[in-house]
Amino acid sequence: SSLVKKSIKGKANANVKLKGLFGETNSILGKAYLEIKDADVWESSIFKGVADTLVIPALKTVTFTSAYGQFEFKNSRLYAENFKLVSDKLELLVKGSLGLDDSLDANVRIKLKNALIDSSPGLTKISTMLLESAGQLFGHIKITGTLKEPAFTVIPVGLENVFEKVKKVIDTVIDIVK
């Protein structure tokens, strides 16, 4: 797959159980747990698309240093319920699937870290607070298409939640300004 780098160094822990017929990928069923630490795990154009969607250029150069989660394999697809990718700038929580044909169907929630905010020139405390809460206000990003041609869509949270979250952000900003 074009998602994984050619050379990965780090610590890995995996537990994989698969069954099925060789040569018939649709017959393969299984479950797996994967954990990678202290590594240079993924650098992918998928995450550059997320950066463009959120209009945060610093995300284009993110390298994930650890990843972990549980997977299920069925119908020639790898499914993840809560796969987490961690870098010094952000964390991604991925729920979705990747087909053996490189097709994508995933939802990504984003948690920005202070390292990203601190490395973004010109951010004030107020814009920092808004930026930190942006992932929650956006809801999540839906990724479809293929690894070569992914499509990104921001899916906002429901309006009832937005007003509550905006109020919390404004209250926090007011406390900072005081």
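Further up the page is the structure itself.
Now for a look at the structure at hand. (Residues numbered from 1 in each chain as written. Predicted model: local features only at pLDDT ≥ 70, side-chain atom pairs only at ≥ 80, totals over all residues. Heavy atoms only, no water.)

So, the overall build of the chain
Here is step 1 of the chain: Of the regular secondary structure elements, the chain holds four helices and eight strands.
Here is step 2 of the chain: Taken from the N to the C terminus, the helices and strands of the chain come in the order β-β-α-β-β-β-β-α-α-β-β-α.
Here is step 3 of the chain: Each of the 178 residues in the chain was classed as buried or not, and the buried ones make up 34%.
Here is step 4 of the chain: Here the analysis covers contacts within the chain between residues at least 6 apart in sequence; of these, 51% occur between residues at least 24 apart.
Here is step 5 of the chain: Of the roughly 11,000 Å² of accessible surface on the chain, 58% is carried by carbon and sulfur atoms. (Helix = DSSP H or I, 4+ residues; strand = E, 2+ residues; numbered from the N terminus. Buried < 20%, exposed > 50% of the residue type's maximum accessible area, 1.4 Å probe, protein only. Contact = heavy atoms within 4.5 Å. Areas by Shrake-Rupley, 256 points an atom, 1.4 Å probe, with all protein chains shown as cover.)

Describing the pattern of salt bridges
Here is step 1 of the chain: Scanning the entire structure with this criterion turns up six salt bridges.
Here is step 2 of the chain: Measuring nitrogen to oxygen at the nearest pair gives 3.5 Å for the salt bridge that ties Glu35 to Lys37.
Here is step 3 of the chain: Looking at Lys37, the relative accessible area reads 42%, which means it is partly exposed.
Here is step 4 of the chain: For Lys84, the salt bridge is made with Glu91, and the minimal N-O distance between the two is 3.1 Å. (Salt bridge = Lys/Arg side-chain N within 4 Å of Asp/Glu carboxyl O.)

Notes on the sheet that holds strand β7 (residues 140-146)
Here is step 1 of the chain: Pairing within the open sheet is antiparallel, and its eight strands lie in the order β1-β2-β3-β4-β5-β6-β7-β8. Here the strands that pair on one side only, and so sit at the sheet edges, are β1 (11-19) and β8 (150-155). In this sheet, adjacent strand axes meet at a mean angle of 10° when their direction is disregarded.
Here is step 2 of the chain: Alignment of strand β4 (residues 77-86) against strand β5 (residues 90-99), held across eight bridges, turns out to be antiparallel. Residue pairing in the sheet places Phe83 in a bridge with Val94 of β5. (Pairing = 2+ DSSP bridges. Axes fitted to C-alpha atoms, helices over the stretch in contact; angles between N-to-C directions.)

Some points on the side chain of Arg77
Here is step 1 of the chain: Here Arg77 shows up in strand β4.
Here is step 2 of the chain: No salt bridge is formed by the buried Arg77; its nearest oppositely charged neighbour, Asp101, is found at 4.2 Å.
Here is step 3 of the chain: Separated by 2.9 Å, the side chains of Arg77 and Ser97 make a polar contact.
Here is step 4 of the chain: A polar contact of 2.6 Å, which involves the side chain of Arg77, links it to the side chain of Ser103.
Here is step 5 of the chain: Apart from residues lying up to four places away in sequence, Arg77 is in contact with Glu72, Ser97, Leu98, Gly99, Asp101, Ser103, Leu104 and Asp105. (Lys, Arg positive; Asp, Glu negative; His and termini not counted. Polar contact = N/O pair within 3.5 Å; in protein donor to acceptor, adjacent residues only side chain to side chain.)

Regarding the nonpolar core
Here is step 1 of the chain: Counting residues in each nonpolar core, the largest one holds 20 residues, and the members touching the most others are Phe83, Leu85, Leu90, Leu92, Val94 and Ile110.
Here is step 2 of the chain: Elements represented by at least two residues in this core include exactly β3 (66-74), β4, β5, β6 (103-112) and β7.
Here is step 3 of the chain: With five residues, β6 is the single largest residue contributor to this core. (Core = buried A, V, L, I, M, F, W, Y, C linked by side-chain atoms within 4.5 Å.)

Focus on the packing of aromatic side chains
Here is step 1 of the chain: Counting across every chain of the model gives one aromatic pair.
Here is step 2 of the chain: Measuring from ring centre to ring centre gives 5.0 Å for Phe71 and Phe83, while their planes differ by 50°; the resulting arrangement is tilted. A residue pair is termed long-range when its members are at least 10 positions apart, and Phe71 in strand β3 and Phe83 in strand β4 qualify at 12 residues.
Here is step 3 of the chain: Exposure remark for Phe71: the relative accessible area of 13% places this residue in the buried category. (Phe/Tyr/Trp six-rings, centres within 6.5 Å; stacked < 30°, edge-to-face > 60°.)

Description of unusual backbone geometry
Here is step 1 of the chain: In this structure, Asn75 is a non-glycine residue whose phi angle is positive, near 55°.
Here is step 2 of the chain: Looking at the secondary structure, you find Asn75 in the loop between β3 and β4.
Here is step 3 of the chain: A positive phi angle, close to 70°, is found at Asp102, a residue other than glycine.
Here is step 4 of the chain: Within the element layout of this structure, Asp102 appears in the loop between β5 and β6.

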